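Commentary on secondary and tertiary structure
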Amino acid sequence: MRFVTKNLVAFKEKYFMEFLCLIILVIMSFVLCWHLPFAKLSGDVGDYAYGVYCSMAHSLAEGEYPFWNPNLMMGIPNTAITSSQIFYPITLLMCRIFYNTETGYLSPQILNALMSIHLSVFACSSYYLLRILKIRSTFSFMVSVLISSSSMIYYVIHWTALFSGYAYMPLMWALSIQFMDNVDCPKRWKYCALNGLVIGLIGLACASHSLLFALLQYGILYITYLWKYRKSKTSLVDLTITSIISGLIAGAISIPVLLPFIEFLKKSYRFVSDGSVQGMSSMSYYAFSEAAVDSTGFTGLLGNNIGRLGITITFTLLVFAGFFIKNKVKPTVFYAAQFTFILSLFYSISFVFTEIFYYIPFYNQIREPFLYIPLVAISGSILVGITLEKIFS
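So, here is what we can say about the structure in this document.

Cut-off values and rules
- Residues numbered from 1 in each chain as written.
- Predicted model: local features only at pLDDT ≥ 70, side-chain atom pairs only at ≥ 80, totals over all residues.
- Heavy atoms only, no water.
- Phe/Tyr/Trp six-rings, centres within 6.5 Å; stacked < 30°, edge-to-face > 60°.
- Buried < 20%, exposed > 50% of the residue type's maximum accessible area, 1.4 Å probe, protein only.
- Lys NZ or Arg CZ within 6 Å of the ring centre and 35° of its normal.
- Helix = DSSP H or I, 4+ residues; strand = E, 2+ residues; numbered from the N terminus.
- 1 Å grid on protein atoms, 1.4 Å probe; cavity = no way out; pocket = protein on both sides within 12 Å on 5 of 7 lines; lining within 4 Å.
- Points joined across faces, edges and corners; volume = space filled by probe spheres on them.
- Nonpolar A, V, L, I, M, F, W, Y, C, P; charged D, E, K, R; others polar.

If you walk through the whole model with that rule in mind, you get eight aromatic pairs. Each ring, one from Y65 and one from F67, has its centre 4.9 Å from the other, and the planes form 45°; the classification is tilted. In this structure Y65 comes out as partly exposed when scored by relative accessible area, which is 36%. Take F67: its relative accessible area is 45%, and that puts it in the partly exposed class. Here the aromatic residues Y65, F67 and F87 are joined through ring pairs into a cluster of three or more. If you follow R230 out to its NZ or CZ, it ends over the ring of W227, 3.9 Å from the centre.

Right, here's the structure in full:
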């Protein structure tokens, strides 16, 4: 009995605060998202994604897997629709829960559920990431609350498929850091496999934008760790092997949506300001740069809600304060986050990097700069956590 009591006390002392923070973050996420009215979820989400979910829910209720959507273009495979998420387990579960088999009606509340769940994942993953970086729990919790309620997240949260992929990116950072920091230890394989699973889930959630952004951040982390291990050939080889294996696991998981998406992308047409472009062929620089220099980045960064605007400004000031912090926690991660922050911030507000992205395959198809804003939030949260830790230590 004394042994059990002793272990319960030790467990409480070690993990109680962690669980309390995570529970509060989950509750906060549902409070923030559940009240959003369907009327504000118009456009791509209300008029398009919701209709796709309705078709999927009806097929599942009929005992059929939703491979085919008869309501678009006189019939189209759902695998050709990157926002359909037909292999993503959370969306499939929500389609079953919110579908009324008697009336054949899918409640629009499914959109609120998806936003709430994935904001919870994002907030808790951000907290876990900062704790991995040895940021004390108080500051990790504060930063997670700040970033989860900022305009940078709320500007894209209603794109349910896109944000579903974004939600796992802090967790991808955490797992990547754990296996890259331990390339000489056997436990690297556990984190390597888990990281591949998470990237694979991002692919199942959104095979286009979210997966591309995940690979961009993964590549930046890999390059910075190459620099860290530049004097150790063995560590470089181990880092490369584990990184490739993690990528192969991700590819194996996401291949059911990735291959059909690429195949249909080749045959699709995209209309741009100076005509149309077929599939994966390059659009003109004029068409790309015209969309890349609009004002949506500023709108998404600042928002139109005074409360979130204040949160975003506070967050941004803390980020830039971190640029002047010396003796940084985990300098390799700090510099990777710093580069990701500058790259995504400047491109999302159309300051620079337009020319660079135009010559990168696949990334030059993403013309809307505001889609890079969550990368600003994720990398910025690392910088803010390190800033707070150093200021108050």
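Unusually for a residue other than glycine, K134 sits at a positive phi of about 70°. Residue position: K134 is located in the loop between α4 (109-132) and α5 (137-148).

What follows is about empty space enclosed by the protein. In total, this model carries one cavity of 30 Å³ or more according to the counting rule given. The computed volume of the largest cavity comes to approximately 60 Å³. As for the largest cavity, its lining consists of N78, T79, I81, T82, S84, Q85, I86, G203, L204, A207, V257 and F261. Mapped by element, the contributors of at least two residues to the lining of the largest cavity are α9 (188-205) and α11 (233-267). For the lining of the largest cavity, the per-class residue count stands at six nonpolar, six polar and no charged.

These figures capture arrangement, not role.
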